[in-house]
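So the chains spell out like this:
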Amino acid sequence: MPRYLPAEIEPKWQQHWETNRVFAAPRLPKGKKLYVLDMFPYPSGDGLHVGHPEGYTATDIVARYHRMRGYSVMHPMGWDAFGLPAEQHAKKTGAHPRATTEKNIANFRRQLKMLGFSYDWQRELATTDVDYFRWTQFIFLVLYDTWFDPQQQRGRPIAELAIPAEVAAQGGAAVARFRDEHRLAYQLEAPVNWCPALGTVLANEEVVGGLSERGGHPVVRIPLRQWMLRITAYADRLESDLDGLDWPESIKLLQRNWIGRSTGAEVDFFIGVDRPIGEADLLPHQPGHPDSAAPASGLPDTVAAGRRPQPAVRAAFEQWSAARKAAGYPKRPGGEVLRIYTTRPDTLFGATYMVIAPEHPFVPRLTAPEQAAAVKAYCQAASRKSDLDRTDLAKDKTGVFTGSYAVNPVNGQAIPIWVADYVLISYGTGAIMAVPAHDTRDFEFAREFGLPIVPVVDPGPSGGEAREKLLRCEAAFIADGQAINSGDYTGMPTAQFKQRITADLAGAGVARAAVNYKLRDWLFSRQHFWGEPFPLLHELDAAGQPTGVVVALEPGDLPVDLPAAMTFDARHDSPEPPLEKAPADWLFVERNGKRYKRETNTMPQWAGSCWYYLRFLDPKNTQALVDREVERAWMPVDLYVGGAEHAVLHLLYARFWHKVLYDRGYVGTPEPFQRLVNLGMILGEKNEKMGKSRGNVVNPDDVVRRHGADSLRLYEMFMGPLEATKPWSADGVAGVRGFLDRAWRMIVDERSESMQLNEAVVDCPPTAAQNRVLHRTIKAVTKDIESLSFNTAIARMMEFTNFFLRESQRPRRAMERFVLLLAPMAPHIAEELWAALGRRQTLAYEPWPEYDESLIKEETIEVPIQVNGKLRGKVSLPAEADNAAIEAAAKADARVAEWLAGKTVVKTIVVPGRLINFVVK
RNA sequence: GCCGGAGUGGCGGAAUGGCAGACGCGCCGGACUCAAAAUCCGGUCCUCGCAAGAGGGUGUGGGUUCAACUCCCACCUCCGGCACCA
């Protein structure tokens, strides 16, 4: 077999690795450990695309390199196998999703083995395995059994939740309800996008203008009982623990923005004791009066702001204020206040109106009779809009006046309360104070409805154009500045003002510092069949109706398997979960004389991927999700590689679960993934996305058939930096194949029938030049692998072959070193060459080559000579030449001398070994 | 709109503030061949020049420096994320 024939050598070595279990990881690491993890794939029916091997090759190189470095390496692979495609296929063809899934997994497994990745296949798992998802269900039970203690900032067993006396007094049902309200897993009646024509619930992104994105069918918002996970409880820790992670800053930032922590204050505005404050409770509007702040510039004065309340209302406000000061800031405000959240308490004096969300519980109470019809119509219209509609229409602000007023605690002035859908019920308190002079949205709204704009922050003399625009009421000024029109606080800089007024109002019992997050609780249930069933039972009464009591199964009751006998209805036409149609012997459970119905929602696909990295460590354990000692020894994951599309969801969900498991003692590290590397996308040859519809998908099977797995691996690493988005090139693969051909010829005699070394490969000591190339290559490749710069590592190896192919004597020892360097990236050809060089066993555990710095040193160096920063010549010198010698040699150079002639050398800069620069005049 | 990232030959890309374009693709020329493929050798940033050489050149404009792809300021374009979060 003289020529390089990947089709023959690759399967041979794959077989060798498998039968000898070459890459089996030990139960516990011996010495230094490295856990290298890929984001496991969803085994789709299309098989692998060329994007998959990019990350898998990168981690494989790292894994193989570290084995040669003496590390115990954990490098597993599995399948994220639940998901909608298999279920949709079932609806179309009647094939059970499990059958489809197993077929797809078999194909993926074949393809990955074909690429020669050094996975420990003994640890393979699929999220759809009953033995796997029983532990997913187990973790759900842990979540269900946990509450978050805000004092200790950690999850604790629900049994440790202190029950307030007044709750305990109401009996067992009240206690159970109290506990349910604190669990990390809880039920919520939440609106979903239901599309009757498609027979499915749609995500917000799939609904455009009230119609389904696909097909354009009507979508209705219907309330549906859902399971939620209280990820918001961990928002603070999920954000602050990012600091210690070796992740790309851009990904950390994405997560920070997603969590969206903001600090500010909650402030209570007085809205009247028995009834809302209306028009009749205010003194008439008096233009020019200081308490009747006139709208600035020429805006229409349709609704007065900053009006003085009638003495009776003022008295009620004073009384309320005094009572508040004595009682402090209550946890749940009474009906007499409207609580708002603001990040700019320093702009309280500029609040000219208030806005509450259409879903705010105070809407009915605050609506004056004369505004009732308008408010009702507005709220109804808002409820029909999907979230997407509401954001889409962001440009045109809409709203309606309630007819009621609130009293600003800082100055006792009454300002109107509006309803508008630019305020979201799900954020903060669902109500805001509007400061149009210093908030863009409030500014637009005020413009739309002719509400007054009162500047209270001066941008300062350097404010320039922004200041002019603000004072002419042409734009809001968002940034910090100095307070104006703000009573005693006037003159204060923004940051100081914020602190002072928050403290002052807190002392008065009407405000407190507050933190808010954009992050929402995680909607954790799906109306699908092909997902993990919840380990929960709903109690039924004698009539077979749910009593509302939920019973969690015991760990010993697990797993809850999916019913094997299911028929899949192509025209499933209700929002109820498919499992509602499961056989009765699955659906109903008798226990202790009571009847129960199983929870028929299933978990989302994210569930299985939240903890698979733990199960890989101990995949066959029947007693625990992972053995404690094993987990402590291997975790955390040292390198996690995958696509940037998982920057927020998967990577946030997994961190959340991990923290809960950490709090409850199941794992020993607070974070699962110490180092993260994101992959760029691989595009088509013409720089466009690959896709079936474009017909530009490159199938790894074809590439391997044509050039072999090593060429595919090497090419994907040679394309460019891992994180970069880069286009595929068939010529590029051929080019890398050419390199392997040349490397083969460098060592093997192609003309011989049997496996013979090239006659140039001889047992002789390397020349100084050969040593320089060899050791320089070892050094560079080592450094590049450590920094995951595989493209330059390969370039260095190409230089090595380019050099040695010209050498008529190729020292065997140098060839061996080279083969070892090549091995992590192109393992099949490396094994074959290793054998050709007379080595018996696999090179997978051969020590990584060391380099000798002293052999790299050149005897002579070429020093570039610059005159005024421009290259004017070069001079060859002994490597040890000192600065004076370099300068002398440079001046002696004929061309340089010409450039220096007649000029004065002002300065001479010598960078030893680098260059010399003459600055002349 | 806001927040990130990136702009270097025909293409993918390389360069601790120190010779811009390593390595590969493509292209051009040559060797071998009846011929082609494969392989090997040489060339390949642009302009002027027979050449030696000179000038220009890392999205645009400015700045710091003996020296800038690299650092600073402003702008342009492309890609990604978020999108009324008060």
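Residues numbered from 1 in each chain as written. Chains lettered and ligands numbered in written order. Predicted model: local features only at pLDDT ≥ 70, side-chain atom pairs only at ≥ 80, totals over all residues. Heavy atoms only, no water.

1. Remarks on the sheet that holds strand β33 (residues 870-878)
- One open sheet holds the four strands; their spatial order is β33-β32-β35-β34, and the pairing between them is mixed. The open sheet has two edge strands with one neighbour each: β33 and β34 (905-911). Taking each pair of neighbouring strands and ignoring which way they run, the sheet shows an average axis angle of 20°.
- Across eight bridges, strand β32 (residues 860-867) lies against β33 in antiparallel orientation. When the bridges of β33 are listed, glutamine 866 appears paired with leucine 871.
- Along the sheet face, helix α30 (residues 883-892) touches β32, β33, β34 and β35 (915-920) and points at about 65° away from the line of β35. (Pairing = 2+ DSSP bridges. Helix = DSSP H or I, 4+ residues; strand = E, 2+ residues; numbered from the N terminus. Axes fitted to C-alpha atoms, helices over the stretch in contact; angles between N-to-C directions. Contact = heavy atoms within 4.5 Å.)

2. Re the sheet that holds strand β24 (residues 588-591)
- With antiparallel pairing, the four strands of this open sheet are ordered in space as β23-β22-β25-β24. In this open sheet, the two edge strands, each paired with only one partner strand, are β23 (546-552) and β24. For this sheet, the mean angle separating the axes of adjacent strands, direction not counted, is 35°.
- Examined bridge by bridge, strand β22 (residues 536-540) and β23 share four bridges and lie antiparallel to one another. Note that in β23 the partner of leucine 537 across the bridge is valine 551.

3. Quick word on the pairing of β22
- With five of five residues buried, β22 lies mostly within the body of the structure.
- Alternating positions in β22 separate into two faces, Leu536, His538 and Leu540 on one and Leu537 and Glu539 on the other, with burial throughout.
- Connecting β22 to the antiparallel partner β23 that follows it, the hairpin turn spans five residues, and glycine 544 within it adopts a positive phi of roughly 85°.
- In this sheet, strand β25 (residues 594-598) lies alongside β22 in antiparallel orientation, the contact comprising three bridges. When the bridges of β25 are listed, leucine 537 appears paired with arginine 598. (Buried < 20%, exposed > 50% of the residue type's maximum accessible area, 1.4 Å probe, protein only.)

4. With respect to helix α12 (residues 372-384)
- A rise of 1.5 Å per residue sets the reference length of α12, with its 13 residues, at 18 Å; its end C-alpha atoms lie 19 Å apart and thus fit the reference within 8%.
- Looking at α12, one finds that the buried residues are Val375, Tyr378, Cys379 and Ala382. Taken end-on, α12 shows its buried residues confined to a sector of 95°, consistent with a single buried face. The outward face of α12, more than 90 degrees from its buried face, is lined by the exposed residues Ala373, Lys376 and Arg384. (Expected span 1.5 Å × (residues − 1). Arc of directions from axis to C-beta.)

5. Concerning the side chain of histidine 828
- Along the chain, histidine 828 turns up in helix α28 (residues 827-836).
- You can call histidine 828 buried: its relative accessible area is 0%.
- Beyond its immediate chain neighbours, meaning those up to four positions away, histidine 828 contacts Ile9, Glu10, Trp13, Gln14, Trp17, Leu115, Gly116, Ala709 and Asp710.

6. Quick word on the packing of aromatic side chains
- Throughout the structure, instances matching the rule amount to 51 aromatic pairs.
- Ring plane angle 25° and centroid distance 6.2 Å describe the contact between tryptophan 227 and phenylalanine 534, whose orientation is recorded as stacked. Within this pair, whereas tryptophan 227 is found in strand β11 (residues 220-229), its partner phenylalanine 534 is found in the loop between β21 (522-523) and β22, the two being separated by 307 residues in sequence.
- Given a relative accessible area of 2%, tryptophan 227 falls into the buried group.
- Look at tyrosine 640 and phenylalanine 673: their rings are 4.2 Å apart centre to centre, the planes differ by 25°, and that puts the pair in the stacked class. Placement of tyrosine 640 in strand β26 (residues 639-643) and of phenylalanine 673 in the loop between α21 (649-663) and β27 (676-679) is noted, with a sequence separation of 33 residues between them. The same class applies to tyrosine 640 and to phenylalanine 673, which are both buried.
- Cluster of aromatic residues (ring-pair linked, three or more members): Phe140, Tyr144, Phe148, Trp227, Tyr234, Trp522, Phe524, Phe534, Trp606, Tyr653, Phe656 and Trp657.
- Across from the ring centre of tryptophan 17, 4.6 Å away, lies the NZ or CZ of arginine 64, which sits over that ring.
- A cation over a ring is seen here: arginine 595 above phenylalanine 588, with NZ or CZ 4.9 Å from the ring centre. (Phe/Tyr/Trp six-rings, centres within 6.5 Å; stacked < 30°, edge-to-face > 60°. Lys NZ or Arg CZ within 6 Å of the ring centre and 35° of its normal.)

7. A closer look at the packing of helix α26 (residues 790-804) against helix α27 (residues 812-822)
- Here α26 crosses α27 at 155°, and the two axes come no closer than 11 Å. As judged from the angle between their axes, α26 and α27 are roughly antiparallel. Between α26 and α27 the crossing geometry is left-handed. Residues Met797, Phe800, Thr801 and Phe804 of α26 touch α27, and the partners they reach there are Ala814, Met815, Phe818, Leu821 and Leu822.
- Per-class residue counts for the contact of α26 with α27 are eight nonpolar, one polar and no charged. (Parallel < 35°, antiparallel > 145°, perpendicular 65-115°, else oblique. Left-handed = near helix turned anticlockwise from the far one by under 90°. Nonpolar A, V, L, I, M, F, W, Y, C, P; charged D, E, K, R; others polar.)

8. Notes on the pattern of salt bridges
- For the coordinates displayed, the defined rule picks out 54 salt bridges.
- Here arginine 344 and aspartate 346 are joined by a salt bridge, their closest N and O atoms 2.9 Å apart.
- Here arginine 812 makes a salt bridge to aspartate 763, at a shortest N to O gap of 3.8 Å. Of this pair, arginine 812 sits in helix α27 while aspartate 763 sits in the loop between β30 (761-762) and α25 (768-786), and the two are 49 residues apart along the sequence.
- Overall, arginine 812 belongs to the partly exposed group, its relative accessible area being 23%.
- One network of salt bridges, with partners in common, ties together Glu266, Asp268, Arg324, Arg339 and Arg512. (Salt bridge = Lys/Arg side-chain N within 4 Å of Asp/Glu carboxyl O.)

9. Concerning helix α1 (residues 6-19)
- Taking 1.5 Å per residue as the helical rise, α1 with its 14 residues ought to reach 20 Å, and the 20 Å between its terminal C-alpha atoms agrees with that figure.
- Listing the buried residues of α1 in full gives Pro6, Ile9, Glu10, Trp13, Gln14 and Trp17. End-on, the buried residues of α1 take up no more than an arc of 130°, which puts them together on one face. What points out from α1, more than 90 degrees from its buried face, is the exposed set Ala7 and Thr19.

10. Considering the nonpolar core
- Counting residues in hydrophobic clusters, the biggest one holds 173 residues, and the most contacted among them are Phe140, Tyr612, Phe656, Trp657 and Trp728.
- In terms of residues, this core owes the most to one element, helix α5 (residues 130-144), which gives ten residues.
- Listed in part, the 65 residues of the second largest apolar core include Ile271, Ala357, Ile432 and Ala511. (Core = buried A, V, L, I, M, F, W, Y, C linked by side-chain atoms within 4.5 Å.)

11. Examining the packing of helix α23 (residues 709-718) against α26
- Contact geometry of α23 with α26 gives a least axis separation of 7 Å together with a crossing angle of 115°. Between α23 and α26, the contacting residues are Leu714, Met717 and Phe718 on the first element and Phe790, Asn791, Ile794, Ala795 and Met798 on the second.
- Counted by class, the contact of α23 with α26 contains seven nonpolar, one polar and no charged residues.

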